[in-house]
Amino acid sequence: MNEDKRPGGWERLLLAASFVPVIAFKVILKLNGAGPDRARIASAAGLALVLLHLAAKRLSSHEVTHIEKAFLAYLGFFAACSFLPLGGVSEIVAGHSIAILYFVLCLMASVPQLLGREPFSAAIARLRQPEELWKTPEFHAINLRISFFFAGIFLLSSISAFWGREAPVFSIAIPLTLLFGAGLPFARLYPGRYLRRRGRA
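Keep in mind that what you see is a predicted model, and the values were worked out from it rather than measured.

Conventions and cut-offs
All chains use their own residue numbering, which begins from 1 and follows the written sequence. pLDDT decides what is reported in this predicted model: residues at 70 or higher carry local features, side-chain atom pairs at 80 or more are listed and counted, and totals for whole chains, interfaces and linings draw on all residues regardless. Computation of side-chain values covers all heavy atoms of the structure but excludes hydrogens and water. Predictor confidence is given residue by residue as pLDDT, running from a minimum of 0 to a maximum of 100. In DSSP terms, a helix is any run of H or I states spanning at least four residues, a strand is any run of E spanning at least two, and both are numbered starting from the N terminus. Here a residue-residue contact requires only that any non-hydrogen atoms of the pair lie within 4.5 Å. To qualify as a nonpolar core, a set must consist of buried Ala, Val, Leu, Ile, Met, Phe, Trp, Tyr and Cys residues joined through side-chain atoms within 4.5 Å. Each residue's exposure class comes from its accessible area (1.4 Å probe, protein chains only) as a fraction of the maximum for that residue type: buried when under 20%, exposed when over 50%, partly exposed otherwise.

On average, residues of the protein score 88 in pLDDT, and 92% of them are at 70 or above. Averaged pLDDT values over the elements of the protein bottom out at 75 in helix H1 (residues 9-17) and peak at 97 in helix H8 (residues 137-163). Confidence drops under pLDDT 50 across residues 1-5; counting only partners more than four residues distant or on other chains, this segment forms 3 contacts.

Set out below in structure tokens:
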């Protein structure tokens, strides 16, 4: 009997923990209203947390995913805008923080495979699939399409948040509807459909 070499609960926990720095950043940013000083505190706290998270993953020899790299870029961008003498740029950026987050996630879900790298969804798929499938053409093709699909969802979410000026219905309700109504069902159902069409399921 072949040993199941799928990553276990620790890897899933680390993936979930990667969202903590961004959540902390958003909570601190919105406390008592956003402003230049609040943006500096929020971005510094978020950047410190994401760096600690990545250091922990490196020390434990775990893979750093595209999602975690995207969060590092997002928080690093905000820290630069908050601390560098850029006039009123930091206030403008802070006012569109959710739209920028979705746009960064759109880039994360599209650029790696355009540069010949692994799609972002492959790291998540490895949490559910046995190791012998990871190098197959089907695994790559499925995750390529799932990643581009999510790139579209993140782009629409970014446009919604920006156009709606970060109002909750446009920055939270609509993106979550797209994610849970289209993105997650597609990621769950598409692999089986793809394999059935090719006589592999």
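Moving on from the model shown.
Among the nonpolar cores identified, the biggest contains 34 residues, and Phe25, Phe71, Tyr74, Leu105, Met108 and Phe154 are the most heavily contacted of them. Elements supplying a minimum of two residues to this core: helix H2 (20-30), helix H3 (36-59), helix H4 (66-83), helix H5 (89-94), helix H6 (97-114), H8 and helix H9 (168-197). Of the residues forming this core, the biggest block, 7 residues, is contributed by H4. Residues contacting Met108, with those up to four places away along its chain left out, are His66, Ile67, Ala70, Phe120 and Phe154.

The phi dihedral of Arg165 falls on the positive side, at around 55°, and the residue is not glycine. Phi is positive for Glu166, close to 65°, though the residue is something other than glycine. With respect to the element layout, Glu166 can be found in the loop between H8 and H9. Overall, the relative accessible area of 12% leaves Glu166 in the buried class.

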